[in-house]
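# Descriptive analysis of the structure
Chain by chain, the residues run as shown.
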Amino acid sequence: MSDIKARAQGLSPDTAARDIQKVVADTGNIYESLAIVSRRARQLAVDLKHELDQKLEEFAEVTDTIEEVVENKEQIEISKFYEKLPNPVLIAMREYLDDELYHRYNERREEDEDDL
């Protein structure tokens, strides 16, 4: 996971226009390319959320009163770090354009075609 965070820190959190020809180069179809990127973005989002939840769980304190809020500087810094990370879609698009993603087509079996 730390590898993803290290690569993501260099990315701009702002969106930018992409050259469609580069996006379509591998698949030949914009929709297939975007499906690949969206699946990877979903994986990244789940992984980052899980990691953040684990780190914040260390600071969780069970209290009986709702009004008592304890602010911890470390907890705030961790939250700010994750807020500054670029959107998982931007990270996934960068990975896709840098040919860091592996994707393949699942071949239909002859049995499946016979059922149609």
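Note that this is a predicted model, so its numbers are computed, not measured. (Residues numbered from 1 in each chain as written. Predicted model: local features only at pLDDT ≥ 70, side-chain atom pairs only at ≥ 80, totals over all residues. Heavy atoms only, no water.)

### Looking at the packing of helix H3 (residues 30-57) against helix H5 (residues 88-97)
Taken N-terminus to C-terminus, the directions of H3 and H5 make an angle of 125°; their axes are 8 Å apart at the nearest point. The orientation of H3 with respect to H5, classified from their angle, is oblique. Once H3 is placed against H5, the crossing between them reads as right-handed. Contacts from Ser33, Leu34, Ile36, Val37, Arg40, Ala41, Leu44 and Ala45 in H3 reach Pro88, Val89, Ile91, Ala92, Met93, Glu95 and Tyr96 in H5. Taken together, the residues that form the contact of H3 with H5 break down as twelve nonpolar, one polar and two charged. (Axes fitted to C-alpha atoms, helices over the stretch in contact; angles between N-to-C directions. Helix = DSSP H or I, 4+ residues; strand = E, 2+ residues; numbered from the N terminus. Parallel < 35°, antiparallel > 145°, perpendicular 65-115°, else oblique. Left-handed = near helix turned anticlockwise from the far one by under 90°. Contact = heavy atoms within 4.5 Å. Nonpolar A, V, L, I, M, F, W, Y, C, P; charged D, E, K, R; others polar.)

### Some thoughts on the environment of Ile78
With respect to the helices and strands, the residue Ile78 is situated in helix H4 (residues 73-84). Spatially, the C-alpha atom of Ile78 lies 7.9 Å from that of Leu56, the residues being 22 residues apart in sequence. In contact with Ile78, not counting residues within four places along its chain, are Leu52, Lys55, Leu56 and Phe59.

On their own, these measurements won't tell you what the molecule is for.
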